[in-house]
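Coordinate analysis (summary)
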Amino acid sequence: MKRLAIGVAGWQSMRMKQLEELSPAETQRLAMHKSNRLERSIAKIDGQFVTVSGWLTASLFALNAGGALTAIGAVDRLDSPGWSISIFAAGLVFAMLGATLIQHFLSLTSPQAETLLTFWRGAAATGQADWTYYQLEKASLVRVERWFWTAPAVGWVSGACFLVGGAVLALDEANPPPRHAATCNRLQARMLRTGDTAETSRKLFDSLKCQWQE
């Protein structure tokens, strides 16, 4: 998530004494710049960030749910369906967790950002600022921002679950389950013995992922 902390690098490094030494005119100029910048940041996060995050979360949820349903539908043809189903299920959990984290962080940062915006607007109007109050509010926001990385990290884990689950499912489908080996051998022997080439027998042979043995 884009940082909401206020100030360019030089301004953020200023100490309390330096802040208090700013003249009213300097405070007004700086406050106007900061309030405009913060307004743009809030608008971007409330619009673009929320929209993109919602779309990504929905996509991750749909992908993992689709993978799980595919694995469940093919359970009779898989040797170890529990692996792929469990991985896709974990992807669903991480997708929901990512959405929860995003909402949690937004619920914490939005009020703090609005508070800082009010502070800068007041400073721009009067040329006066309570810098102790500002430092406390900024420190509170920074403490929350420190954990922003967890939301996209959880999203990446959900995406990885879909990829790994898909690979496990593909490998499982590519190899006939050992428990069907005897059935495949009996079915092939019967087809050879009776000359049964009916479509029903062929479909059953294919559905079991049997390999024709020479």
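Quick note: structure is the one above.
All of the points below concern the structure found in this document.

Each value, and the rule that gives it
Residues numbered from 1 in each chain as written. Predicted model: local features only at pLDDT ≥ 70, side-chain atom pairs only at ≥ 80, totals over all residues. Heavy atoms only, no water. Helix = DSSP H or I, 4+ residues; strand = E, 2+ residues; numbered from the N terminus. Buried < 20%, exposed > 50% of the residue type's maximum accessible area, 1.4 Å probe, protein only. Contact = heavy atoms within 4.5 Å. Expected span 1.5 Å × (residues − 1). Axes fitted to C-alpha atoms, helices over the stretch in contact; angles between N-to-C directions. Parallel < 35°, antiparallel > 145°, perpendicular 65-115°, else oblique. Left-handed = near helix turned anticlockwise from the far one by under 90°. Patch = residues over 30% accessible without salt bridge, like charges linked within 9 Å, V, L, I, M, F, W, Y side chains within 5 Å. Areas by Shrake-Rupley, 256 points an atom, 1.4 Å probe, with all protein chains shown as cover. Salt bridge = Lys/Arg side-chain N within 4 Å of Asp/Glu carboxyl O. Core = buried A, V, L, I, M, F, W, Y, C linked by side-chain atoms within 4.5 Å. Nonpolar A, V, L, I, M, F, W, Y, C, P; charged D, E, K, R; others polar.

**Some thoughts on the overall build of the protein chain**
Assigned secondary structure in the protein chain consists of eight helices and zero strands. Along the protein chain, helices (α) and strands (β) appear in the sequence α-α-α-α-α-α-α-α when read from the amino end. Each of the 214 residues in the protein chain was classed as buried or not, and the buried ones make up 35%. A sequence separation of at least 24 residues applies to 79% of the contacts in the protein chain between residues at least 6 apart.

**What to know about the environment of Ser53**
Inspection of the secondary structure assignment puts Ser53 in helix α3 (residues 24-73). A C-alpha to C-alpha distance of 10.0 Å links Ser53 and Gln103, two positions 50 residues apart in sequence.

**Looking at helix α6 (residues 150-174)**
Across its 25 residues, α6 extends 36 Å between first and last C-alpha, which sits within 8% of the 36 Å expected from 1.5 Å per residue. Buried within α6 are the following residues: Thr150, Ala151, Val154, Ser158, Gly159, Cys161, Gly165, Leu169 and Asp172.

**Focus on the packing of helix α4 (residues 81-126) against helix α5 (residues 131-145)**
Packing of α4 against α5 brings their axes to within 10 Å, and their N-to-C directions diverge by 160°. Classified by the angle their axes make, α4 and α5 are roughly antiparallel. Where α4 crosses over α5, the handedness of that crossing is left-handed. Taking contact as the criterion, the partners of Phe105, Leu108, Thr109, Gln112, Thr115, Leu116, Phe119 and Trp120 in α4 are, on α5, Trp131, Tyr133, Tyr134, Glu137, Lys138, Ser140, Leu141 and Val144.

**Some points on a nonpolar patch on the surface**
On the surface, Val52, Trp55 and Leu56 cluster together into a nonpolar patch covering about 320 Å² of accessible area. In this structure, Val52 sits in helix α3.

**Let's talk about the nonpolar core**
Judged by nonpolar contacts, the single largest core of 15 residues is most densely connected at Leu38, Trp120, Trp131 and Tyr134. For this core, the elements supplying multiple residues, two or more each, are α3, α4 and α5. With seven residues, the top contributor of residues to this core is α4. Ile45, Leu101, Val144 and Phe148 belong to the second-largest nonpolar core, a separate cluster that totals nine residues.

**Structural notes on the packing of α4 against α6**
Between α4 and α6, the least distance of the axes is 8 Å, while the angle of their chain directions is 165°. In terms of axis orientation, α4 runs roughly antiparallel to α6. Crossing of α4 over α6 shows left-handed handedness. Taken together, the residues of the contact of α4 with α6 break down into 19 nonpolar, seven polar and one charged.

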